Amino acid sequence: MEQLTVRGFGEDLSAAIRRLAAKEQVSLNQAALRLLRRGAGLSDGAGQSDTVGSSLEHLIGSWSQAEAEELDGALKAFETIDKAAWE
């Protein structure tokens, strides 16, 4: 996937992106991509598996409490800071 930095968003465009994100319950990035694609006359990407940031959406709300706790336990080691590595 390509990355592109866009500057110069006015308040009105920023507000439109935020409204779309809230309405469709997607990230600001996904909302901006949808608006860009619509403006370019392309499919808006909604529901496409190749949309940036959507590859894990099918997992949202699918884990049990036990699975979430297992993942948290597996990630516990990453919470420890090795101070020697930062010197």
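Look up: the structure comes first, before these words.
The paragraphs below set out a description of the structure included in this document. Just so it is clear, the structure is predicted and the values come from calculations on it, not from any experiment.

To continue, consider the overall build of the protein. When its secondary structure is counted, the protein shows three helices and zero strands. For the protein, the α and β elements follow one another from N to C terminus as α-α-α. Sequence separation of at least 24 residues holds for 11% of the intrachain contacts in the protein that already meet a minimum separation of 6. Accessible area of the protein: about 7,500 Å², with a carbon and sulfur share of 55%.

Quick look at the pattern of salt bridges now. Taken as a whole and judged by the stated rule, the model has three salt bridges. Between Glu24 and Arg38 there is a salt bridge; the shortest N-O distance is 3.4 Å. Remark: Arg38 occurs in helix α2 (residues 28-39) and Glu24 occurs in helix α1 (residues 11-24); sequence separation between them is 14 residues. A relative accessible area of 37% means that Arg38 is categorised as partly exposed. If you follow the salt bridges from partner to partner, you end up with Glu24, Arg34 and Arg38 in one network.

The terminal C-alpha atoms of α2 lie 16 Å apart, and with 12 residues this matches the ideal 16 Å at 1.5 Å per residue to within 8%. All of the buried residues along α2 are Gln30, Ala31, Ala32 and Arg34. Check the buried side of α2 and you find it contacts α1. Where α2 terminates, the next one or two residues include Gly41, which has phi positive at roughly 80°.

Calculation criteria
- Residues numbered from 1 in each chain as written.
- Predicted model: local features only at pLDDT ≥ 70, side-chain atom pairs only at ≥ 80, totals over all residues.
- Heavy atoms only, no water.
- Helix = DSSP H or I, 4+ residues; strand = E, 2+ residues; numbered from the N terminus.
- Contact = heavy atoms within 4.5 Å.
- Areas by Shrake-Rupley, 256 points an atom, 1.4 Å probe, with all protein chains shown as cover.
- Salt bridge = Lys/Arg side-chain N within 4 Å of Asp/Glu carboxyl O.
- Buried < 20%, exposed > 50% of the residue type's maximum accessible area, 1.4 Å probe, protein only.
- Expected span 1.5 Å × (residues − 1).

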